[in-house]
Amino acid sequence: MIDKKYRFTIFEDFATADFVFDAFGETLSDLFVACAEACFFAMTDIDKVSPRHELDIELGEENRDELLVAFISELIYLKDVEKMFFSKFNVDVSPDGRTLCAVAGGEHIDYNKHVIKTDVKAITHHDLRIKEENKVFATRVILDL
Amino acid sequence: MDKKKVAEYIWEIPLDQKPGMRVPARIIASDALMQQMDEGVFNQVTNVACLPGIRQYAWCMPDGHWGYGFPIGGVAAFDMEEGIISPGGIGFDINCGVRLVRTDLTVEEVRPKLNLLLDALFRNVPAGVGKSGFVNLNRKGFEDVITHGASWCHQNGYAWESDVERIEQRGCLPGADPSAVSDKAFKRGIDQVGTLGSGNHYLEIQVVAFDDDCDRETAEKLGILRDGQITIMIHCGSRGFGHQIGTDYLQSFGPAMRKYGIVTNDRELACAPISSPEGKKYFGAMACAANAAFVNRQVITHNVRQSFERVFGQQPERLGMQLVYDVAHNIAKVETYQINGKPTKLLIHRKGATRAFGPENPALSDIFRQIGQPVLVGGSMQTGSYLLVGTKKAEELTFGSTLHGAGRVMSRSAAKRQVRGSDLQQQMEKEGILVRTASFAGLAEEAGFAYKNISEVIDVVHKVGISRKVARFLPIANIKG
């Protein structure tokens, strides 16, 4: 399925038990936003999640792949601890891909308001490698459900 | 990849099929199941065969399917000195497992109250993303939970005395080290004790339905007496606590691999030597998550017993609601096996595989010494589940391991394309299976057709002799996370 509204493509039959997508962005920051949107798209209809509460995230890792894993891991952690779904992401990844500042906007999980699809346990490193071709950053991501 | 049949239901991928393989890979499957397995299984099981310190074979059980790192259904044994420990050989959901509770109730007694019962269970057992449990713990209390496991439940009124000896390893993995657990894992797990979670996790009310080749005598010893008897099966794990520990250590093992000069074919096989400080630390954290999962399933059992008490107006003891057994199927444990004629301590990784110790194994509680360890195999929510027992053959052949479930054959998305959750719920009700779910999309993903035929998978392990068929259970009501 190609979702034109968002910048990710979900691979429906790639893995039997997991959620697999390819994400794209003109910048690393855009790519990270696309991955964050896909992660919450797996869990809920993100159009119904109002970004009324904002949380700040600052992270540093040794390379951009690890930084992406750390960023999505942080969002999954915040989902459990704050009991929140997120739908709006402002991300600023440094040019060397080793640090980021982000703001994640969302609201408390509400079973009367939100569409509940599934839970995401973790992001895996499987096949995750950020590539840059023709001024587009792209990577495959597999989430463990 | 060349796969040759070395015995009935046993296939081998030889050393020359991938550079770096230290042992051959072996897959237990019928011809038909072998054809159903995706190529990813063969690639992943041979990646496991390349890991340092692996002994004899990298195994995959007949319910195997593509995972990340290890395949689901993967079993591997590592030397305690030369070998590694890998979160990818255990899974993010550490000590995901299954337990079975028996009752003296019959299907005729339960059917008229099934809706009431399901409502009570749905209220008392929180299910789905973002749900908290009813056990209020401070940090010290949660440290006690993850250090002591099931005995904490007994001391705090969540377990009967007889429950503890009916849990694998008495519900406590030794070596739990709370200091190896991150603050994040504490924060993620502290309010989730007694919650079902999501994905393929469920709480099911079942009816005993013996097949002709079930071992009724053994079943009777385990409290499974007759067709039509009601049982309850619970499938879940360590929740966000275990997921966070898996996440933390997969990240920290990258530098550890460089430090120890370990190279793997897959980043998800990140690992550290068992004997290294990093490896020991992960083992200590993993044991904490294993204990949290034993407690999680026990607290759910407590809430299930209370729900039955409310609906049937009798104490759970009067309803005969004893625990039959509780197994872990995502775990690493130190066990002793004969290697080159010598008893050798090994770290057995089981990812989507169940321990299956045979009779006389000293690790078993006295009550199971004669019959072997009960093995619980959860099928899809439409097709039923099995109680097996472990065998000596499993100890000789597969490091005391057998399968864990039916095994998926269809992706979650493909299942959702074939059926809507609400339609599936209606269809299941027509089949006599009531469903409550936190997510209709999640329900569709778990449709029976998304899984292998469980009877076929069970037949293979029964015929290979790594476990024996004892009883079958058919679902009549299901709560899906």
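Residues numbered from 1 in each chain as written. Chains lettered and ligands numbered in written order. Predicted model: local features only at pLDDT ≥ 70, side-chain atom pairs only at ≥ 80, totals over all residues. Heavy atoms only, no water.

J.: I'm lost on the layout of surface pockets in this one. Help?
T.: To locate leftover empty space, one rolls a probe as large as a water molecule over the atoms. All names here are of chain A. For the largest pocket, the calculated volume is near 370 Å³. Breaking the lining of the largest pocket down by element, the ones donating at least two residues are strand E3 (19-25), helix H2 (64-82), strand E8 (131-133) and strand E9 (136-144). A per-element tally of the lining of the largest pocket places E9 first, with four residues. Here the lining of the largest pocket is composed, by residue class, of five nonpolar, four polar and ten charged. (1 Å grid on protein atoms, 1.4 Å probe; cavity = no way out; pocket = protein on both sides within 12 Å on 5 of 7 lines; lining within 4 Å. Points joined across faces, edges and corners; volume = space filled by probe spheres on them. Helix = DSSP H or I, 4+ residues; strand = E, 2+ residues; numbered from the N terminus. Nonpolar A, V, L, I, M, F, W, Y, C, P; charged D, E, K, R; others polar.)

J.: Could you clarify how one ought to interpret the pattern of salt bridges in this entry?
T.: Side chains bearing opposite charge may pair, as long as their charged atoms lie close to each other. Counting across every chain of the model gives 39 salt bridges over all chains. For B:Glu335, the salt bridge is made with B:Arg350, and the minimal N-O distance between the two is 2.8 Å. You can see B:Glu335 sitting in strand E12 (residues 330-339) and its partner B:Arg350 sitting in strand E13 (residues 342-351), a full 15 residues away along the chain. The same class applies to B:Glu335 as to B:Arg350, namely buried. For B:Asp366, the salt bridge goes to B:Arg369, with nearest N and O atoms at 4.0 Å. Its relative accessible area of 64% is what places B:Asp366 among the exposed residues. Here the residues in one salt-bridge network are A:Lys79, A:Asp80, A:Asp119 and B:Arg188, joined through shared partners. (Salt bridge = Lys/Arg side-chain N within 4 Å of Asp/Glu carboxyl O. Buried < 20%, exposed > 50% of the residue type's maximum accessible area, 1.4 Å probe, protein only.)

J.: Help me understand the packing of helix H10 (residues 239-260) of chain B against helix H11 (residues 277-312) of chain B in this model?
T.: Pairs of packed helices are described in terms of their axes, by the angle between the two and the distance that separates them. Residues and elements named next belong to chain B. At a minimum axis separation of 10 Å, H10 and H11 run at an interaxial angle of 170°. Our classification of the angle between H10 and H11 gives roughly antiparallel. In this structure, H10 uses Arg239, Phe241, Gly242, Ile245, Tyr249, Phe253, Ala256, Lys259 and Tyr260 to contact H11, whose residues at the interface are Pro277, Glu278, Gly279, Lys281, Tyr282, Ala285, Met286, Cys288, Ala289, Ala292 and Asn296. (Axes fitted to C-alpha atoms, helices over the stretch in contact; angles between N-to-C directions. Parallel < 35°, antiparallel > 145°, perpendicular 65-115°, else oblique. Contact = heavy atoms within 4.5 Å.)

J.: How do you make sense of the pairing of E12(B) when you look at a structure like this?
T.: Looking along a regular strand, one sees side chains alternate from face to face of the sheet. Residue and element names in this part refer to chain B. Burial analysis of E12 places seven of its ten residues in the buried class, the great majority of the element. Across ten bridges, the pairing between E12 and E13 is antiparallel. By the bridge assignment, Ile331 is partnered in E13 with Arg350. In textbook terms, the turn of a hairpin is the stretch between consecutive antiparallel strands, and for E12 and E13 this stretch comprises two residues, one of which, Asn340, has a positive phi near 50°. (Pairing = 2+ DSSP bridges.)

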